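A look at the structure
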Amino acid sequence: MNIGIDIGIGADADADADAGTDSDIAIVGGGAAAVGLLDALAAEQDGTSAGSGTLTVFEPSPQLWRGRPYGPDLDSVLVNAPPAMMSIRNGDFGHYAAWLGERGADHIDVLLGQPLVPRALYGEYLVHTAEKAIAALGEQGWSVRVVVARVTGIVRRGARLVLRTHDAHEYGATQVALCTGGGAPPDLYGLTGNPGFTADPYPLADTLASVPAGDDVAVIGSGLTAVDVAVSLAARGHRGRITLLSRSGVLPRVWQRPVDRRPRQLTVERVSALREARGNVTLDDLVGLLRTELADAGEDFDALMAELLHIEAISPVQRLRRQIAAVDDPRIGRRVLQETAHTVGPHVWRLLPESDRVRLRRHLRTATSVASPMIPANAATLLRLLEAGQLTVAGGVQAIEPVHGGFRVRDEDGAHTAGTVVNAVNPQPQAISAAAEELVRSLADSGLATLHPSGGLNPADQHLHIVGDLTGGASFITSSIAGLAAQASRTAQALRAP
Ligand SMILES: Cc1cc2nc3c(=O)[nH]c(=O)nc-3n(C[C@H](O)[C@H](O)[C@H](O)COP(=O)(O)OP(=O)(O)OC[C@H]3O[C@@H](n4cnc5c(N)ncnc54)[C@H](O)[C@@H]3O)c2cc1C
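Every value quoted in this text rests on a predicted model; they were computed, and no experiment measured them.

With that settled, consider the overall build of the protein chain. Secondary structure assignment for the protein chain yields 16 helices and 20 strands. Here the C-alpha atoms of the protein chain give a radius of gyration of 23 Å, agreeing with the 23 Å that 2.2 N^0.38 yields for 498 residues. For the protein chain, the C-alpha atoms occupy an extent of roughly 65 × 60 × 45 Å along the three principal directions. Counting the 498 residues in the protein chain, one finds 53% classified as buried. Contacts in the protein chain between residues at least 24 apart in sequence constitute 76% of all its contacts with a sequence separation of at least 6. Counting every atom, the protein chain has about 21,200 Å² of accessible surface; 51% of that belongs to carbon and sulfur.

Moving on to the sheet that holds strand β17 (residues 420–423). Strand order in the open sheet formed by 5 strands is β10-β17-β11-β12-β13, and the pairing between neighbours is parallel. Because the sheet does not close on itself, it has two edges, and the strands there are β10 (197–198) and β13 (391–394).

Another point: the sheet that holds strand β20 (residues 464–466). The parallel open sheet is built from 5 strands, whose spatial order is β5-β2-β1-β9-β20. Edge strands, defined here as strands with exactly one partner in the open sheet, are β5 (143–147) and β20. Strand-to-strand, the axes of this sheet are offset by a mean angle of 15 degrees, without reference to chain direction. Lying on the sheet, helix α16 (residues 481–496) is in contact with β1 (24–28), β9 (175–178) and β20; it crosses β20 at an angle near 170 degrees.

Among the 6 residues that make up strand β7 (residues 160–165), 5 are buried, leaving the element largely enclosed by the rest of the structure. Sheet topology places strand β6 (residues 151–157) next to β7; 6 bridges connect them, and they run antiparallel. Residue Ile-154 lies in a different strand from β7, and its bridge partner there is Leu-163. Taking the residues between adjacent antiparallel strands as the criterion, β6 and β7 are bridged by 2 residues, where Gly-158 takes a positive phi near 65 degrees. For β7 and strand β8 (residues 170–173), the ladder comprises 4 bridges, and the chain directions are antiparallel. Within the sheet, the bridge partner assigned to Leu-161 lies in β8 and is Ala-173. Between β7 and β8, which follow one another and run antiparallel, lie 4 residues, and Ala-168 among them has a positive phi close to 70 degrees.

Before going further, it helps to spend a moment on the side chain of Ser-442. If you trace the backbone, Ser-442 turns up in helix α15 (residues 434–446). Here Ser-442 falls in the buried class, since its relative accessible area comes to 13%. Those residues within four positions of Ser-442 in sequence are excluded, and the remaining contacts are Thr-152, Gly-153 and Ile-154.

Another aspect to go through is the domain arrangement of the protein chain. Bring the parts together and some accessible area is lost; that lost area is often taken as the interface size. For the protein chain, the domain assignment lists domain 1 (24–184 + 429–496), domain 2 (197–253 + 375–423) and domain 3 (268–371). A straight line from the C-alpha centre of domain 1 to that of domain 2 covers 31 Å. Counting residues at the interface gives 16 residues for domain 1, matched by 15 residues for domain 2. Both faces combined, the contact of domain 1 with domain 2 buries some 1,200 Å², and carbon together with sulfur accounts for 60% of it. Contact with domain 2 buries area across many residues of domain 1, yet Leu-74, Ser-76 and Asn-80 alone supply 35% of it, more than any other trio. Applying the counting criterion to the domain 1 and domain 2 interface returns 2 salt bridges. Put simply, Asp-200 and Arg-68 hold a salt bridge, and the shortest N to O gap is 2.8 Å. At the boundary of domain 1 and domain 2, one finds 7 residue pairs in polar contact (both at pLDDT 80 or more). Along the lines of polarity and charge, the residues of the side of domain 1 that touches domain 2 split into 10 nonpolar, 2 polar and 4 charged.

So, about the pattern of salt bridges. Scanning the model with the defined rule gives 21 salt bridges in all. Across the pair Asp-329 and Arg-331 runs a salt bridge, and its minimum N-O distance is 2.7 Å. By relative accessible area, which is 42% here, Arg-331 ends up partly exposed. It is possible to trace a salt-bridge network through shared partners that takes in Glu-307, Asp-329 and Arg-331.

Here we take up the side chain of Gln-175. Structurally, Gln-175 can be placed in strand β9. Given the relative accessible area of 9%, Gln-175 is considered buried. A distance of 2.9 Å separates the side chain of Gln-175 from the side chain of His-465, its partner in a polar contact.

Right, let's talk about the site of the ligand for a bit. Residues in close proximity to the ligand total 30 residues, the closest being Ala-33, Glu-59, Tyr-70, Asn-80 and Ile-481. Glu-59 has a polar side-chain atom sitting 2.7 Å from an oxygen atom of the ligand. In the environment of the ligand, an oxygen atom lies 2.8 Å from a nitrogen or oxygen atom belonging to the backbone of Ile-481. Contact with the protein chains removes 87% of the 980 Å² of surface that the ligand exposes when unbound.

Procedures and definitions
Residues numbered from 1 in each chain as written. Predicted model: local features only at pLDDT ≥ 70, side-chain atom pairs only at ≥ 80, totals over all residues. Heavy atoms only, no water. Helix = DSSP H or I, 4+ residues; strand = E, 2+ residues; numbered from the N terminus. Rg over C-alpha atoms; globule rule 2.2 N^0.38 Å. Buried < 20%, exposed > 50% of the residue type's maximum accessible area, 1.4 Å probe, protein only. Contact = heavy atoms within 4.5 Å. Areas by Shrake-Rupley, 256 points an atom, 1.4 Å probe, with all protein chains shown as cover. Pairing = 2+ DSSP bridges. Axes fitted to C-alpha atoms, helices over the stretch in contact; angles between N-to-C directions. Domains from an automatic or database assignment. Buried area = accessible area lost by both parts, 1.4 Å probe. Salt bridge = Lys/Arg side-chain N within 4 Å of Asp/Glu carboxyl O. Polar contact = N/O pair within 3.5 Å; in protein donor to acceptor, adjacent residues only side chain to side chain. Nonpolar A, V, L, I, M, F, W, Y, C, P; charged D, E, K, R; others polar. Near = heavy atom within 4 Å.

Below, the structure written as structure tokens:
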């Protein structure tokens, strides 16, 4: 890579724990969160830049800037949100759309009327954005380098934090941002090691390649990853039966066409103002803001809640048909909830009293399906597979066991067999990835951070920051690009602070 500044790619043989300038920032993890942070740091604010010094990004995988989801994969593995929600630049809803430009025309989701590109192509946007940010930071006087290494520990040594990598090198920093992402799907049925079982489905280009086209495939989970698996099997011409197995047997909702209206009441600014005026924020306050938001648009809050919370005993086919028919529904209610779950949600979650968080957690399934709906193109494929009888969505899964080179599944419909089982269980939002486990232990041991009781980490040192799913006590909804961009922007401000 030659972008005219000092970027060292590769493990640095010279320990530099004691070297350094006034502002040495280390970013641990080089995925979407890190890209959002670099972009926000590079942006000059009020005519001033973030200062200067060294900026070191640690990323052990070959998928620099793409993280877990946006590396090379099948073309059927698509981004899961329209362009305005995929901008990694906080507050600039057109940033990604502008990069995509005319290429978007080849990827229009007909029902949504928006381009939804393969995730690998979105990864190119992240790479481009990171490289532009690094170039801009270079022009501002920053020396930026990428170290291909896993960080295994951080300790404080005097005024500096010292990062240790898996290959026993040490690097000094004045501030550290952890951007290590979330966990992998948990193996709930202890199937790892059995032939025919895929513990982690991505990249699907690799994991589905060995699935015989006539095999009966059981997919554990019925969320967005399960949808990716079913749609990609169909795209590969799979002929065997596909069963999505979960406790609920409920598929995600379907995206609605974006409207040109952003929330005006349920915003971070309004929530912050309430907090400043009264010292706290409650769920009833949020309901109040949403009621006003909807009333301004001539809509009724109670009607929206009744629609969301009342799950009718109808078949997955009927439910999916209704959802697809509602793509064009002009009402803003679900759209506001969908967007604010990712933008306002992470900010407000920690401000709420625990009793309100408990109330919200009771609606985890509904909240997740509203916050992270599936794209209409995938919904249409699922509907086609369901109508053809090739796909089944089964609830009440009780057991999945290896038997005679295959698997026996017991669910609410009784027992059946599968030749292949693909694990598409959603990890807990604050699950810790295997790559970050050692680091997290070290931070807890050294007292630089504390483990949060409901998962993730809380910094205990003002020079340690977290962006993304490692954030302790964050909401139960997994980070989206929009949420990461907002968090990265706030973290960049904290890093700029003297
Ligand atoms: C399959 C999938 C699809 C998704 N699709 C969408 C979507 O379409 N739209 C949307 O808005 N959101 C989506 N999301 C949610 C969100 O956008 C992604 O999770 C996003 O990639 C998170 O970025 P991140 O940088 O926090 O984590 P990651 O992308 O996981 O990147 C973290 C990086 O940190 C590195 N790392 C970990 N530990 C260490 C260590 N100890 N030292 C150094 N480096 C380390 C890892 O190698 C990794 O590259 C998706 C999530 C998943 C899992």
